[in-house]
Structure formats: structure tokens, C-alpha cells
Amino acid sequence: MGMRRWMRVARMRVRSLVLLRRVDEELNEELQFHFEKKVQEFAAQGMTPEAARCAAMRAMDGMERRKEECRDMRGVKWIQDLVQDASYGVRMPRRSPGFMIIAVLTLALGIGANTAMFSAVNAILLRPLPYAHSERLVDIEATPMMNCPVPDFLQIQAKSRTLGPMALVGDARGQMTGAGAPVSFHFTDVSADFFPMLGVRPLYGRWFLPSEMQAGNEHEVILSYKLWRESFGSDPGAVGRKVMLDGASYEVVGVMPPDFSLPARTPLWRPLVLTADEMAHRYGFSSALADIRPGRSTEEVQAELNVIAAQLNTSNPNLYRGVRYQTAPIKEGVVAGARLPLLILLGAAGFVLLIACANLASLSLARGWARRPELAVRATLGATRGRLVRLLLTESVVLAIAGGIAGILLAFWGAAVLRQLLPAGTPRLNELRVDQWTLWFALGISVLAGLMFGTAPALIASRENPHEVVKEGGARSSGALASRRGNWLRRVLVVAEIALAFVLAAGTGLALRSLSRLLNVDFGFRIDHLLTMVLPTPASERRDPNFDARPYSRAILEKFGALPGVKSVGGVVGGIGGLRPMHLDGMLDPNIASRPAIMLDTATPKYFGTLETPSIAGRDFAPSDGQNATLVAIVNKRFAQAYFGGANPVGKRMTLPAWLQTKPEQVEIVGEVGDMREPRAPAYRAWATVYLDYFQYREGGAVSPVVRSIGEPMALAGTVRAVVASVWKDEPVEGLTTMEQQLSAGTATPRSRAMLLGTFGALGLVLAMVGIYGLMSYSVTQRTHEIGLRMALGAEPGDVMRMVVGQGARLAAAGIAVGLGGAWALTRYMRSFLFGLNSNDPLTFAGVAILLATVALAASYAPARRAMRVDPMAALRHE
Amino acid sequence: MSKPMDFVQGTLDLVLLKILALEPMNGWAIMQRLKQVSGEVLQVSDGSLYPALHKLEQQGWIHAEWKLSENNRRAKFYSLTRAGRKQLEQEKANWERLSAAIAQVVRLKEA
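Chemist: Which residues make up the overall build of chain A, and what are the values?
Modeler: Helix and strand counts for chain A stand at 29 helices and 21 strands. Within chain A, buried positions represent 40% of all 879 residues. The contacts in chain A between residues at least 6 apart in sequence include a share of 82% that link residues at least 24 apart.

Have a look at this one:
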């Protein structure tokens, strides 16, 4: 198209839109001119003026239709129609307020739930991490080691041409003193490129200087926002202060902003300076970040890493046999665990919206039926079917956008609720907010929802033959095509709603049942009135190979036992209430490798008594054991089952493995106790466990005391800290909490998931119930005449009741059957979140089926009652 | 008088463009001219002319302006634009090709 012509066309379109009235007046004038000429022509042929006008009118063949055809030529007609239909849609509430309120509320719930969930998905899964060009940052992982050892890192750094700066991130553990109470934690050692690569500026202070990255100069730390708040009271003067890490002095040079948490939840960062020995041999846990060079693809990086791995495999097969390197976007490492639960919740919200749409489609069908006279008049006046469909669809979309706006308001609140309700361990929770993408999403699903629930009703309502309707004068007609199609569609919609609600309810049911199993686990000891804590050995003493914490432990336990309000005291290292467990395999006999892994814990006398773990055979540890030549052990039931076939193990002997750093020693079993489940282990696993006597076996570390209180356990907290401080200077008391709190912290995640899923499940159920009620109620109204006839012919009210409820029951049965299939297919995605039950748990499914059947029958009951009370005479006369 | 012939699909545009190429005209005059030059063979019903004219105007082939008609009444006069003249040449060429082809077919001798 030539430029001039294009300009001309554009000018015409704009003129048609902006000067609409003027353009229309010109059209009138143009046709009027023609008309008058025509009249003159006929008059000249000798007609009377009156006859000439009539003849001219006929010759013009319907002036209005011609005008409409001319308007259609303007190319902007659709815009004008849209504005007209939309304004018609906006005026709709005045005509049917009830329909509008129900529709907007239903949509607001559906769209609000989805928008809020999307704000979480967007903030956590979709938005790039808040680092400089974070899309280019990758983790490098060496398999089979599952991390990136230092020598491998150095090899890759030296050889790679596709990777830019690389940073080594090492895990460290230590104790910090000099700021608030002593704390010990895992923290992070980072190499020089770490902060510049991520590009996040500190809130206060600065990054490490290159000079601070050299051996002997690494005396600086950078604090996380959380540690700064908790241990430094959010004091901006923290920069420059000195803290002690494992007895060495460090200066705080920076505080990072709250959003910066890499690796997740690390409290502080320290320069990583490698010794020559570490460069060659450090295989402890460390990971590697790398910045892909601009213009290089991940495939190129992977190809290069494959080459490097192959070279190392050949040049040093002893060290690198079978080693492979892989990259993963760093976002993957941060959010991978949160993906499935979030997507499940988003899916659940999506189901709620689908149910809402099904309800609205059903409502619109009924309204389309009621509006037949209006539509028929429009059709008679020249509206084409396409034009009617557009009118009805525009109304639906306007309605959906109104619902969407209400939904967005709900979503702002919903996002705030989600920040509280999503499990506390969810990454990037503090970044969750309703941003512009969320608003676009809300707008998008609103329009989509409008089209979804509006299309079928619009097609059906516009199919009606206008002459039929006008002839009827708007009265009911029982056999019209549209009515039958509409009813068929409404039934399909209700079946779909029940099926969707079934899947939602099944997911909720599984989550709730799993939660109830978690809450009712028998741990094998008494949960209440139990105070637990961990006493990490101070760093200075940990470095001394001859240090023995046992005298401190003994003194602390004795003083605890003497406190008023304390019923009993024991201690353990390893298992319950203790530190990270040790795994031992095949310690007794090489032939039993297939038996369960063994935990080796040490415990003090009265430990089992304090926990109230049942004793099955033999005796407790005794103070006198210390003098015995052979080590004594107590085993649990699971161990006895696995290694002694359930026979009484008391008196049996076994050998400790050599690497336990004592000379291989014989151990004599003196007792058997019940199994205890580990409250912090995934799925509360119970292990086959061997307990040695803490005071007899040289453990090194301090014991973790467990205190059975008479009153509220936390009331003892202050006294307990004071006792420890009096016995052992600078010894931190960590994890001071009750067993009940520990357990409820452990169930917080499944609890929050069940709650969110339950919210969506309940919403879906209510909406489905409204849908069934709407259909049954409408169908009774439509069939009033038929019901009256039946009753006049002798049907009892009971028969009518059965007929209506029977219809509801058939729909429910169909919906439940479809839902069962859907749930069967979908609940398996929940498998990893379920405790102690299968994702196709038959009991849950049966319960949900009964629930939905009940809901469906309850929803058809009220319309059925109404049907029963139909007065046959009135119903027939009404015709 | 035999029945006036319907327009072959798309040829109304060609005819309108050709008539307007002669001189700017209003709708009524176009109709009169059409009857006159075609010996009353080609006729359009009184109303159907206007949607066609509006379409051509929207496509930028013709331009409309209000002028006084012979008896001093305001009327909408259409004239060909430059793009319209090009379009006319093209449609004329198309038509000539098509009519020549059809004439060839029709004149085939039957065996």
C-alpha cells in the first residue's frame, strides 16, 4: 500500500471513530439527496407526490438497512460495536442485580485465588534472582560427588574459555562470640569473585578487598541482614566492630540487604583463602558458581566441561575416573524444592476458577433463555447471528473483568496471607508481592474466563429462530432446540464441576489425612514437659585433641537434676535431642550388609527414664559401668529385630569397627529399649540404634541434656542457661526449646500445605454445591408444567421428589466417576508430600465420594421440595 | 425490455472507478450515467450503490467532498484519487484478460 493511500485510509478510520456523529449525518444527507432525486423522477412520470414518495422508498429497499451496510464499510465498525456492547454490559447490573452480584463474587473468588497464587509463583519461580545478569549464573556440580571439590574447581577455572568469573563457596561451621549471646552455626567462605559476580551492594559497608583475599589477611566478615538484626540489634555502627569466630578475631566490613541470601539462610560470609594443601586435597563440601561469558550458550559450556572431564579422566584416572561436570542455573538450586508444591497449589486454584466458570456458564445459559425475546427483537431489526454472539460475549467479558477487578483486590490480601501461610522454608518469600505481571495475569485470566463461560451460552442463545420466539410472545416453549441444547450443556457442566471438586477434595483429603498421621505419630517417648538443648563445645577446646567434655557434662546434669521443678534429667549425643547422627553399615558381620543402617549414639544413665522410653529387657546404664573393662551398650527394638531376629539381645557381644578411633573393642549388650522416632528426620524415621554409655565411651563432645519438667518446661530456660554459664564459661546453649515446639515446627510445612489446599478444596466444594443447586432449581422451574401434569395423572409427591433427587444423584454419580479418574491421575504428584499413606489412598477417595454425593443430594433437596409442592391445577392453568 | 444484468462479482468496483475517472460525480449522477452509457443493460438498485462507494472511499481509491449540485443543493461528490487511478488500470487489465479469455471459450466451434 502506498504511503499516501495509507495516510488517507488512516485519516478515514480516525474520522469514522472520532467524528462518528458527523459522519453519520453526512450519510443521512447523502441518502436523503438520492431519495429526493428519486421522488422527483417518479413525480415527473406523473405520480402524485404521495405515491412518488412511496415508490422511492420501495426503490431504495429499506433506507436503514442501506445505512447499516454503509457503516459496515467503515472498517472501524467492530470498535464501535465493542464500545456499545460493553456499555450495554456495564449497564447490566441495573437490569439483573442478583445475577451480577453472584457472578462477580464467584469470579472474584476464582480470579483472586489464581492471582494470589500466581503472585507467589511469579515471585518465587519466574522472576530472575535479584543478581546482576542472574540468567547467566550457573552452579557447577561434579558427579558423583554432588558438589564441586576445590581441585576440580581450580582445574575448570584454569581450562575453561566459556566461563567468565567463577566463585568457590565453601561450607564452614563455627561459633561466634563477641556479639550478643554466643551462637554456633554453619556459615559460608567465599572466594574473591563471589560478591562482584553477583553484583549486590551491601546495605552498609563494603565487599571484601582483593588484599583481604590473601593468606594471612583474611580477618573480615560480611553479615547477613538476619544476623545483623538478631545479634547486632540492627545497629548501623556494626560495621567496624570486631567479632570472634572460633576464637579468632574478625572485623565486620559489610551488612548485606535482606533479599540477599546465598547460599540460603547463611548468617555470614568470610573470605575463602586456600592453602596449597587445600588446593590439592580439599574434598569437603564446597560448591562453585560461574558466570557464563556473554554470547556463550549453556550447551557450549556443557560441551567444554565434558572435554575437561575427559582430559582429567585420562590424565589422572585414579582421582577422576568417571567424574562428570554439569551446570544448572543458580535459580534452580534456590527454587527447585518449592516448585512442585507451588504448582500443585496453582493447579488447585485453577480448578476453583474452572468450577466458577462452569457455574457462570450454567447461569448464562439460563439468562440467555430468559433473554430470548430481547434477542429475537434484535435479530428481527437486522442484527446478524455473529453480531448477537459478539454482544453476548462482550457482556460476559465485561462481567469477567468486573470480577477480575474484585479478584485483584482479593489477591492483594491473598498475597499477604500467602506470605504468612506458605511454609517458612519457602525460598524468596520476602519477594512475594502483587506486581505488574501479576496484574496482567489477572486481566488475562479474566478475559479468558469471560470467553470460556460466555462462548457456549452465546452460541446457543443466538441460534434461536426469532420468528418462533416472537410468535410465542416470550412465553415458555418446551420443545425449542436451544432449550434442549442448553439443558444438555448444563448437565455436562455440572458433571464437570463435581469431577473438578472431587479432585480438589481428594487432594485436600490426602493432605489432611497425612497431616493427622503426622500429628498422631507414636514417637516412642513422652512428648510433653520435655526441655531440649544442644551444648556445642567451644572452639578453643574443640581444637585440643585431649579435651574431654565429660566432667562438664556430668556437672551440668547433676546441677540440672537438683533444680526445683525438674523431675528427671538425662543426656545423649547423636540421636534424639542430639547432633547429626552417624551412619554405620555392616559393623557386626560382612554378611549383614543388607540389614538397615545403624545409628551409634551415646547416652547417659537415666536418659531413657527421662524420655519415658519403655525398657524391653535388661537394665539402664549405671555410674558403675565406667569402671568395667568392656564397653556396655543398650540397643533398640529395631536393632534387635534386624540383627538378632527379635531374640533377647541382652548378654550378646559385638565388635566396634576400627575407624571409631578406639582400638577395636568388644561391646556387651546390657539392655533393650523401645524404638524412638527422630522428630527432625524426614518422615520421622526410626533407626536401628546402638547406644553406648556416654561416661564410659570417650565421646569428646558435650552431652545434649534432656530435662523432664514438672511444670511448663520453658519456665526453666533462664535457670538452665545460668547453670551452664556457671559451670562452663563461654559455652553457648543452643536450640533451647520444648520437644512439643520442635515437633510443631516440624509439622508446620505439611500443616500450611494442607491449609492452603483445604481452602481451595472448600471453595471448590461450595461453588460446586451452588452449581448443582442452580441446575436442579432451574430444571424444576422449567418442568413445572410437566410435574403438574404428572401429579394430575396421579403421581405422588414422593414420586416427584424421587424424580428430582434421582436426577441430581445421576449427575453426581457421573461427576464422581470422572473425578475419581482425574484424582487417580493427578494425586500422584503429591506423593512426596504424603506421610504414611499412598497417593491413591482408597479410604480417602471413598470418603470424598461420599462427601460429594452428600453435597449433591443436599443441593437437590430444596428444589425437590419445591417440585413436590407444585399445585397441578395452577401449573396446568399457567400454560 | 430484458431484465437488467446483475454485476459479475467485483466488477461493480471497476465500473464505478471507470465512471468516476471521467469526472467527479455524486451518487445519483453515477447511477444515471451508468444506465445511460450501458444502454440501460447495467443497473444497480438505488440503495446498493452507496455501500460500494463507501467501501472504495474507505480503501482510499476515491475521495469524497461536499459540493453544490446543479440545483444548488449540497451533494457528496466522489472523485478518483491517484491510487484509485492505478487501481483502475489494474482492474481494467484484469477485466480485459478475463473477458478475452471467456470470449475465446465461448467462440469455440462445436463439433
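Next comes the rest of the account.
Chemist: A description of the overall build of chain B should follow, citing residues and the corresponding values.
Modeler: Of the regular secondary structure elements, chain B holds 4 helices and 3 strands. When the helices and strands of chain B are placed in sequence order, the string is α-β-α-α-β-β-α. Projected onto the principal axes, the alpha-carbon positions of chain B cover approximately 60 × 35 × 20 Å. For chain B, buried positions account for 30% of its 111 residues.

Chemist: Give a detailed account of the nonpolar core, specifying residues and quantitative values.
Modeler: Residue and element names in this part refer to chain A. Counting 108 residues, the largest nonpolar core has Val352, Ile355, Ile498, Ala501, Phe502 and Leu852 as the members making the most contacts within it. Take this core: its biggest share by element is 19 residues, from helix α13 (residues 330–370). For Phe502, the residues in contact, after removing those within four places along its chain, are Gly815, Ile816, Gly819, Leu820, Gly822, Ala823, Val848 and Leu852. Ala167, Phe195, Leu312 and Val334 belong to the second-largest nonpolar core, a separate cluster that totals 57 residues.

Chemist: Account for unusual backbone geometry, naming residues and giving values.
Modeler: Residues and elements named next belong to chain A. In the segment running from Leu262 into Pro263, the intervening peptide bond is cis, with an omega of -5°. With respect to the helices and strands, Pro263 occurs in the loop between β7 (248–255) and β8 (268–271). The phi torsion at His529 lies on the positive side, around 55°, for a residue other than glycine. Among the secondary structure elements, His529 is positioned in the loop between α18 (481–519) and β11 (530–534). Given 17 C-beta atoms within a 10 Å radius, His529 is considered partly exposed. A positive phi angle, close to 70°, is found at Lys606, a residue other than glycine. Relative to the assigned elements, Lys606 resides in the loop between β14 (598–603) and α21 (607–611).

Chemist: For the sheet that holds strand β1 (residues 25–26) of chain B, give the residues involved together with the corresponding values.
Modeler: The antiparallel open sheet is built from 3 strands, whose spatial order is β1-β3-β2 (chain B). Where the open sheet ends on each side, the last strands, each with one partner, are β1 and β2 (62–68) of chain B.

Chemist: Could you give an account of the packing of helix α1 (residues 11–22) of chain B against helix α2 (residues 27–37) of chain B, with specific residues and numbers?
Modeler: Residues and elements named next belong to chain B. Taken N-terminus to C-terminus, the directions of α1 and α2 make an angle of 100°; their axes are 11 Å apart at the nearest point. By the angle between their directions, the pair α1 and α2 is classed as roughly perpendicular. On the side of α1, the interface is formed by Val15, Leu16 and Ile19, while α2 contributes Ile30, Arg33 and Leu34. A class-by-class count of the residues in the contact of α1 with α2 yields 5 nonpolar, no polar and 1 charged.

Chemist: For the interface of chain B and chain A, give the residues involved together with the corresponding values.
Modeler: At the junction of the two partners, chain B supplies 20 residues and chain A supplies 23 residues. Examining the composition of the side of chain B that touches chain A, we find that 6 residues originate from one element, helix α3 (residues 49–58) of chain B, more than from any other. In terms of residue class, the side of chain B that touches chain A is built from 5 nonpolar, 8 polar and 7 charged.

Chemist: Describe the pairing of strand β9 (residues 286–292) of chain A, and please don't skip the residues or the numbers.
Modeler: On a regular strand, one side chain projects to one face of the sheet and the next to the other, so that they alternate. All names here are of chain A. Here β9 lies mainly inside the structure; 7 of its 7 residues are buried. Taking every second residue as pointing to the same face, both faces of β9 are buried, with Ser286, Ala288, Ala290 and Ile292 on one and Ser287, Leu289 and Asp291 on the other. In this sheet, β9 lies alongside strand β1 (residues 137–143) in antiparallel orientation, the contact comprising 4 bridges. Residue pairing in the sheet places Val138 in a bridge with Ala290 of β9. Both strand β2 (residues 163–177) and β9 contribute to a ladder of 6 bridges, which runs antiparallel. In the strand pairing of β9, Leu168 is matched with Ala288.

Chemist: Requested: an account of the environment of Ser297(A), with residues and values cited.
Modeler: Here Ser297(A) is to be found in the loop between β9 and α11 (298–315). In this structure the C-alpha to C-alpha distance between Ser297(A) and Ala722(A), which are 425 residues apart in sequence, comes to 59 Å.

Chemist: Quick one: what's the story with helix α16 (residues 436–461) of chain A, residue by residue and with numbers?
Modeler: In this model α16(A) runs 37 Å from its N-terminal to its C-terminal C-alpha over 26 residues, within 8% of the 38 Å that 1.5 Å per residue would give. Its axis deflected by about 40° at Gly454(A), α16(A) carries its strongest bend there, up to four residues before the proline Pro457(A).

The rules behind each value
Residues numbered from 1 in each chain as written. Chains lettered and ligands numbered in written order. Predicted model: local features only at pLDDT ≥ 70, side-chain atom pairs only at ≥ 80, totals over all residues. Helix = DSSP H or I, 4+ residues; strand = E, 2+ residues; numbered from the N terminus. Buried ≥ 20, exposed ≤ 12 C-beta atoms within 10 Å, placed from the backbone. Contact = placed C-beta atoms within 7 Å. Core = buried A, V, L, I, M, F, W, Y, C linked by C-beta atoms within 7 Å. Pairing = 2+ DSSP bridges. Axes fitted to C-alpha atoms, helices over the stretch in contact; angles between N-to-C directions. Parallel < 35°, antiparallel > 145°, perpendicular 65-115°, else oblique. Nonpolar A, V, L, I, M, F, W, Y, C, P; charged D, E, K, R; others polar. Expected span 1.5 Å × (residues − 1). Bend = angle between axes of the 7 residues up to and from the residue.

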